[in-house]
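# Inside the fold
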Amino acid sequence: MNIIFVEPAFPANQRRFVHALASVGANVYGIGESDEAHLGPDLRGAMRGYYRVGSVTNVQQLIDAVRHFQAQVWVDGLEATIEAHTMPAAQAREATGVPGTNVRTTWLCRDKPSMKEALRAAGVPTAASAAIDSSAEAKEFADRVGYPLIVKPRTGAGAQGTVRVDGDDELADVLHQFGEEGATSLAIEEFVEGHEGFYDTITLDGRVTHDWVTHYYPNVLEAMRHRWISPQFVTTNRVDGNDFYAEVRELGRRVVDALGIETSATHMEWFYGPKGLRFSEIGCRPPGVGAWDLYSAANEIDVYREWAHVVVHGRPEHQMKRSYAAGLVALRPDRDGVVTGYDGIDAVESRYGDWVIDAHFPPPGQPTQPVEAGFMANAWVRLRHPDYDTLRGMLDDVGRTVKVHAG
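Residues numbered from 1 in each chain as written. Predicted model: local features only at pLDDT ≥ 70, side-chain atom pairs only at ≥ 80, totals over all residues. Heavy atoms only, no water.

### Brief notes about the packing of helix α7 (residues 135-145) against helix α8 (residues 168-180)
One way to put it is that α7 packs onto α8 with a least axis distance of 11 Å and a crossing angle of 150°. For the element pair α7 / α8, the angle class is roughly antiparallel. Between α7 and α8 the crossing geometry is right-handed. On the side of α7, the interface is formed by Ser 135, Ala 138, Lys 139 and Ala 142, while α8 contributes Asp 168, Leu 171 and Leu 175. A per-class count over the contact of α7 with α8 returns four nonpolar, one polar and two charged. (Axes fitted to C-alpha atoms, helices over the stretch in contact; angles between N-to-C directions. Helix = DSSP H or I, 4+ residues; strand = E, 2+ residues; numbered from the N terminus. Parallel < 35°, antiparallel > 145°, perpendicular 65-115°, else oblique. Left-handed = near helix turned anticlockwise from the far one by under 90°. Contact = heavy atoms within 4.5 Å. Nonpolar A, V, L, I, M, F, W, Y, C, P; charged D, E, K, R; others polar.)

If you want it as structure tokens, here you go:
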């Protein structure tokens, strides 16, 4: 098969998808923004061709690039794994006749109010939500649903730009801030109380072939607000034979049907609390923050290659082993500035070295990143263990023991 891959060089883990496709026998053709000379021999050697564009989110430029390759070979697929690239890629597919996720499905996975409307129609519980184009519409929703509420961009990945508001004054301030940033339409939602996690899949022709359930500790909004928290996300190996995860899986299958997802990676956020299980954001793409690396370590299988095998050969190569639970703990600097040093790394290595997957400790002198930049913005450690509860305790201990100093 001849597969076009959008933006093979950036961010860095995009190379994993290219190499995975090549490893299962695909001829890979890249479209990206980098000069070909800057790709490096390893990445360039994994591709049969490369076409540089000014912006991979410019639909016409993407269409022109696809047609460039179509003039040379039959193109079997066009893959895009970054949220912001999915809609231009869908539009380019429809303009050039390349199979893959269509514009309707991509829109439903990008526009939050439309997404939730489609999910509710399919019997998937979600928070009450609406698209708002004015402060009057926002106030009407607040009066009807009650506080607290969530306000966010209509499109975006994960918790990007998400703000909780607890009253009329906060709502007015948040709307003013979004207005100053040029937002003309927003999504507003009921705040759903409860524990937060995500359900990820690889689907083939609308059927789930692989899946994983992962938990956040604490919930994302809380984790992104407080420097002292060392947040975690942990994928469980207890999915099979568990009633709660059976419900997650059933709702996930309904999501795939409701949004018309065919062959794709997916990422589905959920909450579980007093009102039961509620699905939140849906992405027709792989998860971010290195989740597939955790899944690979937990199952002793290269999940990137597994995705590529489904895309290229129309079937899975392996089944998930569920050998380990695996998780990441983010380690925040004690202040903004530059990294000055660390405490506790040797102690953690001594206690848990056999269970460490990998770790990242920015060197002294490197600028710190703000807390809201995410789980992998500063230092982090990834671990695995056959027992989920034991792993949780290990991650907690790492978060307490390792100190990141900045000045």
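More follows now that the structure is in view.
### A short note on the sheet that holds strand β5 (residues 129-132)
Pairing is antiparallel in the open sheet, where four strands are placed in the order β5-β8-β6-β7. The outermost strands of the open sheet, each flanked by one partner alone, are β5 and β7 (163-165). Across the sheet, the axes of successive neighbouring strands diverge by a mean angle of 25°, strand direction being ignored. As judged from the five bridges shared by strand β6 (residues 149-153) and strand β8 (residues 186-190), these two strands associate in the antiparallel manner. Within β8, the residue paired with Lys 152 across the bridge is Ala 187. (Pairing = 2+ DSSP bridges.)

### Some details on the nonpolar core
In this structure, Leu 21, Trp 292, Tyr 295 and Trp 307 are the most contacted members of the largest nonpolar core, which totals 45 residues. Residue assignment for this core shows that the elements contributing at least two residues are β1 (2-6), α1 (14-23), β9 (195-204), β10 (207-217), α9 (220-223), α11 (291-299), α12 (303-313) and β14 (325-331). At seven residues, α12 tops the list of elements feeding residues into this core. What Trp 307 contacts, discounting residues up to four positions off in sequence, is Phe 5, Phe 17, Leu 21, Glu 79, Thr 81, Ile 202, Ala 265 and Trp 292. Formed by 23 residues, the second largest nonpolar core is a distinct cluster that contains Ala 118, Leu 119, Val 239 and Trp 270. (Core = buried A, V, L, I, M, F, W, Y, C linked by side-chain atoms within 4.5 Å. Buried < 20%, exposed > 50% of the residue type's maximum accessible area, 1.4 Å probe, protein only.)

### Remarks on the pattern of salt bridges
Counted under the stated rule, the structure contains 31 salt bridges. Of the charged contacts, one joins Lys 152 and Glu 281 as a salt bridge, the two residues approaching to 2.6 Å between their closest N and O atoms. Taken together, the residues span a long stretch of sequence, with Lys 152 in strand β6 and Glu 281 in strand β13 (residues 276-283) at a distance of 129 residues. Look at Lys 152 and you get buried, because its relative accessible area is 5%. With a closest N to O distance of 3.1 Å, Arg 249 and Asp 240 form a salt bridge. Judged by relative accessible area, which is 18%, Arg 249 ranks as buried. One network of salt bridges, with partners in common, ties together Lys 112, Lys 116, Lys 152, Glu 189 and Glu 281. (Salt bridge = Lys/Arg side-chain N within 4 Å of Asp/Glu carboxyl O.)

### Some words on the pairing of strand β11 (residues 232-235)
What you see with β11 is no split at all: Gln 232 and Val 234 on one side and Phe 233 and Thr 235 on the other are buried throughout. Pairing between β10 and β11: four bridges, direction antiparallel. Pairing of Tyr 216 across the sheet is with Phe 233, part of β11. In terms of strand pairing, β11 meets β14 through four bridges, oriented antiparallel. Residue Phe 233 lies in a different strand from β14, and its bridge partner there is Leu 328.

### Focus: the sheet that holds strand β16 (residues 356-360)
Backbone hydrogen bonds hold the strands of a sheet together, and the pairing may be parallel or antiparallel. Strand order in the open sheet formed by eight strands is β13-β12-β9-β10-β11-β14-β17-β16, and the pairing between neighbours is antiparallel. With one partner strand each, in any of the chains shown, β13 and β16 form the two edges of the open sheet. Within this sheet the neighbouring strands show an average axis-to-axis angle of 20°, counted without direction. Bridge analysis of β9 against β10 gives eight bridges, and the strand direction is antiparallel. Note on β10: the bridge partner recorded for Tyr 199 is Val 213.

### Quick notes on unusual backbone geometry
Following Phe 10, the chain continues to Pro 11 via a peptide bond in cis, the omega torsion being -5°. Along the chain, Tyr 147 connects to Pro 148 via a cis peptide bond; the corresponding omega equals 0°. Mapping Pro 148 onto the fold places it in the loop between α7 and β6. In this model, Val 289 sits at a positive phi of 40°, which is unusual for a non-glycine residue. For Val 289, a relative accessible area of 36% gives the class partly exposed. Of note, Glu 300 is a non-glycine position whose phi angle comes to about 55°, a positive value. Within the element layout of this structure, Glu 300 appears in the loop between α11 and α12.

### A closer look at the packing of α1 against α12
Relative orientation of the contacting elements α1 and α12 amounts to 55°, with a least axis distance of 8 Å. Taken together, α1 and α12 sit at an angle that is classed as oblique. The handedness of the crossing between α1 and α12 is right-handed. Listed contacts from α12 to Arg 16, Phe 17, Ala 20, Leu 21 and Ser 23 of α1 are Tyr 304, Arg 305, Trp 307, Ala 308, Val 311 and Val 312. Classifying every residue of the contact of α1 with α12 by side-chain character gives eight nonpolar, one polar and two charged.

### Section: empty space enclosed by the protein
What the rule picks out here adds up to three cavities of 30 Å³ or more. Estimates place the volume of the second largest cavity at around 40 Å³. Within the residue set of the lining of the second largest cavity, elements represented by two or more residues are β10 and α11. The greatest single-element share of the lining of the second largest cavity, amounting to three residues, is contributed by α11. Per-class residue counts for the lining of the second largest cavity are five nonpolar, four polar and one charged. (1 Å grid on protein atoms, 1.4 Å probe; cavity = no way out; pocket = protein on both sides within 12 Å on 5 of 7 lines; lining within 4 Å. Points joined across faces, edges and corners; volume = space filled by probe spheres on them.)

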